[in-house]
Amino acid sequence: MTNGIKLVYDVYDKLPFKKNIIFALQQFLAVIAATILVPVLVNSATSTEYLNQASALVGAGMGTIVYLLFTRFKSPVFLGSSFAFIPALIGAVSFGYFGIIMGAIMAGLVYVLLAAIIWKCGTDWVDKYMPPIIIGPTVALIGFSLAGSAIGNLGGNTSYVTIFIGIATFMVVALASNRGPKSIRLYPFIIGIMFGYILAALLTIVGNACNIEELIIMDYSAFDDIGNFDKWIPDLTFLGAIDQGTSLMSSAASWVTVAVLFIPIAFVVFAEHIADHKNLSSIINHDLIKEPGLKNTLLGDGVGSMVGAFFGGCPNTTYGESIGCVALSRNASVSTILLTAIICIVVAFIYPFVAFLTTIPTCVVGGISIALYGYIAVSGLRMFKEVDLNDSKNLYVAAAIFITGIGGLSLQFDFDGQAIVIGTIACALIIGIITNLLLSWKAKEDDDF
């Protein structure tokens, strides 16, 4: 591969420690916003506290280290909390900590199975059953399905103050990403969060001074527990599972429901895995699909995601923000990724920092969500550039996924006295695959005549 950038530090290069710290902090800033937003969004949507930011950081750090071990430190990839699994996590919360962990394990086992199939059969089958016309609309649908959550975090249509803060936050993210100097274009989410946080804090000061309740946005109660050193230990998911037990997953129906929530999304994230590794390969002039090999990157991603959820509740995925950081800094050293993972774990045990994260207003999160969920949707639509939309077969496949998905089609069955729900994303993906196979088969029959 010869079309990449000119790297300052290659994959296997060892950096001086002081330089490596700077590069690792840059990586940390690039990935932290998205990593900590997943538990916030899930908790907000479910009105629970099953996930938290500190544990998500531990999970991301541990998952990344596992990935690096499986890829023999040959692939500079960071794993962070996956936004694609937010609908699955929201559904799994009703099954408690154990349900969340088991869902992540099921999704990770999909990666392990795919790695075994690729090791045995190669990768040609991927293009047959999951071409861009399937993956593109499904990825876009994930972003669209989360749009309601973003608007809900803004305050719905009732609080003009929070809507203003959220929209202003989004605008700052967009400006920082597109019009800011190169030194800040990599951190638009951090810039947006800082702006929204300061704006909300200023309005809260005015609200308290003038006794205007609508302007009081901030809640600093989390800082009251700084002296409580029990709070300095993250609420790791496996500890919650031990305390809560497995009672909420005691029936066969609950296991089937969790499987249906997580497994279909794992196939979608699998496509993102391939795309991210191909993208990074072109940047660093190393074909990661060949070395360390797709089967090894999948194993690292799958097992790393299981380990990440075991500690932090959130299944992990490869991060485009991290890949962008590699490109901008021209530093592809795996040692930097390893140090970033260690920083994530260490920071999670510094409660004042974690307390600060919990004070970020929900409306600011909503503004960031417009950008993040929109990015997911647009990244799916971008895959249409590889699709011939003049082919009526592709139009029907896309129609099947979009309309059943946006329309909210889901299926519910009774099993062992409990309801098993096949969610919207799963239904849309299954119908899309069947439609594509059916129309491809008919086309082949026609060619024979």
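Novice: How would you sum up the overall build of the protein chain? Please name residues and give values.
Specialist: In terms of regular secondary structure, the protein chain is built from 19 helices and four strands. Computed over C-alpha atoms, the radius of gyration of the protein chain comes to 22 Å, within 12% of the 22 Å expected from 2.2 N^0.38 for 449 residues, which places it in the range of a compact globule. Principal-axis analysis of the C-alpha atoms gives the protein chain an extent of 80 × 55 × 45 Å. Counting over 449 residues, the protein chain shows a buried share of 54%. Of the contacts made within the protein chain by residues no fewer than 6 positions apart, 80% connect residues no fewer than 24 positions apart. Carbon and sulfur atoms form 65% of the exposed surface of the protein chain, whose accessible area is close to 20000 Å². If the 21 positive side-chain charges of the protein chain are averaged to one point and the 28 negative ones to another, these points end up 15 Å apart.

Novice: Please provide a residue-by-residue account of a nonpolar patch on the surface, values included.
Specialist: Residues Phe144, Val378, Leu381 and Ile406 make up a contiguous nonpolar surface patch of roughly 350 Å² in combined accessible area. Examined against the element boundaries, Phe144 turns out to sit in helix α6 (residues 132-145).

Novice: Give me the side chain of Asn43: which residues, what numbers.
Specialist: By the secondary structure assignment, Asn43 is in helix α1 (residues 17-46). Since its relative accessible area comes to 11%, Asn43 is described here as buried.

Novice: Got a sec to walk through the nonpolar core? Specific residues and values, please.
Specialist: Counting 131 residues, the largest nonpolar core has Phe83, Ile165, Phe262 and Ile284 as its most contacted members. For this core, the element with the highest residue contribution is helix α12 (residues 252-284), accounting for 14 residues.

Novice: Let's hear about the packing of helix α2 (residues 53-70) against helix α13 (residues 289-312): which residues, and what values?
Specialist: Where α2 meets α13, the axes come as close as 7 Å, and the angle between the chain directions of the two elements is 155°. Relative to α13, the element α2 lies roughly antiparallel. In the crossing of α2 with α13, the sense of the turn from one axis to the other is right-handed. In contact with Ser55, Ala56, Val58, Gly59, Met62, Gly63, Val66, Tyr67 and Phe70 of α2, α13 contributes Asn296, Thr297, Leu299, Gly300, Asp301, Val303, Gly304, Val307, Gly308, Phe311 and Gly312. Considering only residue class, the contact of α2 with α13 consists of ten nonpolar, nine polar and one charged.

Novice: Tell me about the pattern of salt bridges, residues and numbers included.
Specialist: Considering all chains together, one arrives at two salt bridges under this definition. Where Glu291 meets Arg72, a salt bridge forms, and the shortest distance between an N and an O atom there is 3.2 Å. Placement of Glu291 in helix α13 and of Arg72 in the loop between α2 and β1 (79-81) is noted, with a sequence separation of 219 residues between them. The exposure class assigned to Glu291 is partly exposed, which follows from its relative accessible area of 34%.

Novice: I'd like to hear about the packing of α12 against helix α14 (residues 320-329), residue by residue, with values.
Specialist: Running from amino to carboxyl end, α12 crosses α14 at an angle of 5°, the nearest separation of the two axes being 10 Å. In terms of orientation, α12 and α14 fall into the roughly parallel class. For the pair α12 and α14, contact is made by Asp276, Asn279, Leu280, Ile283 and Ile284 and by Ile323, Val326 and Ala327, respectively. The residue makeup of the contact of α12 with α14, split by class, is six nonpolar, one polar and one charged.

So, how was this worked out
- Residues numbered from 1 in each chain as written.
- Predicted model: local features only at pLDDT ≥ 70, side-chain atom pairs only at ≥ 80, totals over all residues.
- Heavy atoms only, no water.
- Helix = DSSP H or I, 4+ residues; strand = E, 2+ residues; numbered from the N terminus.
- Rg over C-alpha atoms; globule rule 2.2 N^0.38 Å.
- Buried < 20%, exposed > 50% of the residue type's maximum accessible area, 1.4 Å probe, protein only.
- Contact = heavy atoms within 4.5 Å.
- Areas by Shrake-Rupley, 256 points an atom, 1.4 Å probe, with all protein chains shown as cover.
- Lys, Arg positive; Asp, Glu negative; His and termini not counted.
- Charge placed at Lys NZ, Arg CZ, Asp CG, Glu CD.
- Patch = residues over 30% accessible without salt bridge, like charges linked within 9 Å, V, L, I, M, F, W, Y side chains within 5 Å.
- Salt bridge = Lys/Arg side-chain N within 4 Å of Asp/Glu carboxyl O.
- Core = buried A, V, L, I, M, F, W, Y, C linked by side-chain atoms within 4.5 Å.
- Axes fitted to C-alpha atoms, helices over the stretch in contact; angles between N-to-C directions.
- Parallel < 35°, antiparallel > 145°, perpendicular 65-115°, else oblique.
- Left-handed = near helix turned anticlockwise from the far one by under 90°.
- Nonpolar A, V, L, I, M, F, W, Y, C, P; charged D, E, K, R; others polar.

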